[in-house]
Amino acid sequence: QVQLVESGGGLVQAGDSLRLSCAASGRTAMGWFRQAPGKEREFIAGISWAGGTRYYKDSVKGRFIISRDNANNTVYLQLNSLKPEDTAVYYCAARDNGGNFYNQYEYTYWGQGTQVTVSS
């Protein structure tokens, strides 16, 4: 079983940046998702076990960056140029290395989430 703990959320203004962290109890391929009030959870970014392959939702390409520190089993999501529509609870999730990173149902373990609120 893999335990995941997210941190780094907060209240920021439009245009600001945040870095979310996800500390894992083991090394796995990972993804970040978010869920805004009244909306379905959506894929944001994914990274392979070794970190060599990354996946992004089209609308965040160029603004968000996923990375990992394998020495510390931590995955990061750098959020830049934040917009009010980025407001959501952000979750990290662990999965097997193969398959479709965009599919939330292929993720086995989930963190508790961290709130990101962007004011205009």
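Residues numbered from 1 in each chain as written. Predicted model: local features only at pLDDT ≥ 70, side-chain atom pairs only at ≥ 80, totals over all residues. Heavy atoms only, no water.

Student: Looking at this structure, I do not really get the overall build of the chain. What am I missing?
Tutor: Across its full length, the chain carries zero helices and 11 strands. In the chain, the order of α-helices and β-strands from amino to carboxyl end is β-β-β-β-β-β-β-β-β-β-β. A compact globule built from 120 residues should have a C-alpha radius of gyration of about 14 Å, and the chain, at 13 Å, falls within 12% of that. In the chain, which comprises 120 residues, the share counted as buried stands at 43%. For the chain, the share of sequence-separated contacts (at least 6 apart) that also reach a separation of at least 24 residues comes to 56%. With the model as given, the accessible surface of the chain reaches about 6000 Å², and the carbon-plus-sulfur share is 45%. Where the 12 positive side-chain charges of the chain centre and where its 10 negative ones centre are 3 Å apart. (Helix = DSSP H or I, 4+ residues; strand = E, 2+ residues; numbered from the N terminus. Rg over C-alpha atoms; globule rule 2.2 N^0.38 Å. Buried < 20%, exposed > 50% of the residue type's maximum accessible area, 1.4 Å probe, protein only. Contact = heavy atoms within 4.5 Å. Areas by Shrake-Rupley, 256 points an atom, 1.4 Å probe, with all protein chains shown as cover. Lys, Arg positive; Asp, Glu negative; His and termini not counted. Charge placed at Lys NZ, Arg CZ, Asp CG, Glu CD.)

Student: Any chance you could explain the side chain of T114 here in plain terms?
Tutor: Looking at where T114 falls in the secondary structure, it is placed in strand β11 (residues 114–119). A polar contact is formed between the side chain of T114 and the backbone nitrogen of G9, at a distance of 3.1 Å. Once residues within four sequence positions are removed from consideration, T114 is found in contact with E6, S7, G8, G9, L20, A88, V89 and Y90. (Polar contact = N/O pair within 3.5 Å; in protein donor to acceptor, adjacent residues only side chain to side chain.)

Student: What should I look at first to understand the nonpolar core in this one?
Tutor: The tendency in soluble globular proteins is for nonpolar side chains to be buried side by side. Within the largest apolar cluster, 27 residues are counted, with the highest numbers of intra-cluster contacts made by W32, L77, L79 and Y90. Taken together, the elements giving at least two residues each to this core come down to β3 (18–24), β4 (29–35), β5 (42–47), β7 (64–69), β8 (74–79), β9 (88–95) and β11. Other than its neighbours up to four places away in sequence, Y90 contacts E6, L20, W32, F33, R34, F64, L77, L79, G113, T114 and V116. One finds A29, F43, A93 and Y107 within the second-largest nonpolar core, a separate group that totals six residues. (Core = buried A, V, L, I, M, F, W, Y, C linked by side-chain atoms within 4.5 Å.)

Student: What exactly am I supposed to notice about the packing of aromatic side chains here?
Tutor: How two aromatic rings sit relative to each other is given by the distance of their centres and the angle of their planes. In this structure the tally under the stated criterion is seven aromatic pairs. Aromatic side chains F33 and Y107 sit 4.9 Å apart centroid to centroid with 85 degrees between the ring planes, which places their arrangement in the edge-to-face category. With F33 in strand β4 and Y107 in strand β10 (residues 107–110), this pair connects stretches of sequence that are 74 residues apart. Its relative accessible area of 1% is what places F33 among the buried residues. Using a relative accessible area of 6% as the deciding quantity, one classes Y107 as buried. An aromatic cluster is present here, built from F33, F43, Y55, F101, Y102, Y107 and W110 joined pairwise through their rings. Lying over the aromatic face of W110, R41 brings its terminal NZ or CZ to 3.7 Å of the ring centre. When the ring centre of F101 is taken as origin, the NZ or CZ atom of R95, which lies over that ring, is 4.4 Å away. (Phe/Tyr/Trp six-rings, centres within 6.5 Å; stacked < 30°, edge-to-face > 60°. Lys NZ or Arg CZ within 6 Å of the ring centre and 35° of its normal.)

Student: Teacher, can you tell me more about unusual backbone geometry here?
Tutor: The phi angle at N73 is positive, at roughly 50 degrees, despite the residue not being glycine. With respect to the helices, strands and loops of the structure, N73 is situated in the loop between β7 and β8. Phi angles above zero are rare outside glycine, and S81 is one such case at about 50 degrees. Mapping S81 onto the fold places it in the loop between β8 and β9. Judged by its relative accessible area of 41%, S81 is partly exposed.

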